[in-house]
Amino acid sequence: MTVLSDLPELLRSARHIVVFTGAGVSAESGISTFRDDLTGLWSRFDVTDLATPDAFRRDPDLVWGWYEWRRMNVLRASPNAGHAAIAAMKRYVPKLTLITQNVDDLHERAGSGSVIHLHGSLFAPRCFACARPAGFADELPDEPEGGRRMAPPECSHCGGHVRPGVVWFGETLPQAALKAAFKAAESCQVLFSIGTSSLVNPAAEIPRVAAQAGAAVVQINPNPTPLDGLARFNLRGPSAQELPRLIENTWQKH
Ligand code: BJW
Ligand code: ZN
């Protein structure tokens, strides 16, 4: 039987650790998750109006304004102790690969240098028509609720609408990022799945691939997920509390 006290020793002996994160890791920075009942974005907004290519075609101002509001919230937020603990962990293990579904930049701002972004970034807009990288307008929304329409900037090359650089439903993930993520999952000894509901594919396959290849999956989440049965360790709490405690117990008391 695997008991929680085995975890520090397992982590200390690992040569390659993968850390796979979702919206929950940024929750304690004040960034909304998607599917949490009361606080998640999808409890207040309709995903089909906002996070699909068709939604942007139908109403680009609604979609652009909503993403600019989210970008503003991220700009005003700071990384939390969970982001910091992940950056610190990199110093203790021979190899650490950080894979995130998040479109914020809080891992980077906490000091994690190289981050695989599976679902793109709020900070990499591109043209909806010709896909060239594009810039932002100077103006940011100022009201708290995220309801204001904003016309997207025009592409300086073709005049098309600039779109957020995120991966919407029905779109393929960036192929190089996805390939690197699966390769890391296949070769690690431990995979952390932190703050993700494990419902969105293909990202949700990553911990499963790691487990199939023999890695121990460690889940950190205050709530149950479909990964519970597969995870060898389930740490049921917020990541900004669980991660610093784990790092301390594993590496800093020795
Ligand atoms: C804490 C905590 C704390 C709280 N500490 N933890 C039907 C229609 C359309 C598509 C599909 C369909 N059926 C299947 C699909 C495929 C679809 C999919 O998987 N859908 C399922 C949801 C059903 N996938 C796709 O479409 C993907 N593309 C694809 O498959 O391409 C191939 C293809 C091509 C053509 C046609 C069809 C297929 C793309 C998926 C892109 C996902 N995009 C989003 C939005 C990004 C942009 C944006 O930010 O707006 O990515 S959706 C959203 O979900 C976002 C996230 O990255 C992703 C995952 O969410 P995450 O991170 O897990 O957050 P939550 O909120 O779900 O969970 C938070 C967790 O944290 C919870 O468990 C909490 O308990 C926990 N938590 N506080 C630790 N303090
Ligand atoms: Zn263009």
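All of the points below concern the structure found in this document. (Residues numbered from 1 in each chain as written. Chains lettered and ligands numbered in written order. Predicted model: local features only at pLDDT ≥ 70, side-chain atom pairs only at ≥ 80, totals over all residues. Heavy atoms only, no water.)

## Describing the site of ligand 1
- Taken together, 34 residues are adjacent to ligand 1, and Tyr 67, His 119, Glu 171, Thr 196 and Ser 197 come closest.
- Within the side chain of Arg 70, one N or O atom sits 2.7 Å away from an oxygen atom of ligand 1.
- With respect to ligand 1, the backbone of Val 167 contributes an N or O atom lying 2.9 Å from a nitrogen atom.
- Against a free-state accessible area of 1,500 Å², the protein chains account for coverage of 75% of ligand 1.
- Of the pockets mapped on this structure, ligand 1 occupies the largest pocket.
- Grouping the constituent residues of the shell around ligand 1 by class yields 15 nonpolar, 14 polar and five charged.
- Residues from two domains meet in the shell around ligand 1; each of domain 1 (1-30 + 79-119 + 173-254) and domain 2 (32-76 + 120-166) gives at least three. (Near = heavy atom within 4 Å. Polar contact = N/O pair within 3.5 Å; in protein donor to acceptor, adjacent residues only side chain to side chain. Areas by Shrake-Rupley, 256 points an atom, 1.4 Å probe, with all protein chains shown as cover. 1 Å grid on protein atoms, 1.4 Å probe; cavity = no way out; pocket = protein on both sides within 12 Å on 5 of 7 lines; lining within 4 Å. Sits in = over half its atoms within 2 Å of the grid points. Nonpolar A, V, L, I, M, F, W, Y, C, P; charged D, E, K, R; others polar. Domains from an automatic or database assignment.)

## Brief notes about the coordination of the zinc ion (ligand 2)
- All of the protein donors around the zinc ion (ligand 2) are Cys 127 (SG), Cys 130 (SG), Cys 155 (SG) and Cys 158 (SG); their distances to the metal are 2.2 to 2.4 Å.
- Read from N- to C-terminus, the donor residues coordinating the zinc ion (ligand 2) fall into the pattern C-x2-C-x24-C-x2-C. Here the residue Cys 130 occupies a position in the loop between β4 (120-127) and β5 (162-166), and Cys 158 occupies one in the loop between β4 and β5, the gap between them amounting to 28 residues.
- Taking the relative accessible area as the measure of exposure, Cys 130 reaches 25% and is therefore partly exposed.
- When its relative accessible area of 39% is taken as the criterion, Cys 158 is described as partly exposed. (Donors = N, O, S within 2.8 Å, 3.2 Å for Na, K, Ca; no water. Helix = DSSP H or I, 4+ residues; strand = E, 2+ residues; numbered from the N terminus. Buried < 20%, exposed > 50% of the residue type's maximum accessible area, 1.4 Å probe, protein only.)

## Considering the side chain of Ser 26
- Mapped onto the elements of the fold, Ser 26 is located in the loop between β1 (16-21) and α2 (41-44).
- Separated by 3.2 Å, the side chains of Ser 26 and His 83 make a polar contact.
- Contacts of Ser 26, omitting those with residues within four sequence positions, involve Ile 31, Asn 80, His 83, Asn 102, Asp 104 and Leu 106. (Contact = heavy atoms within 4.5 Å.)

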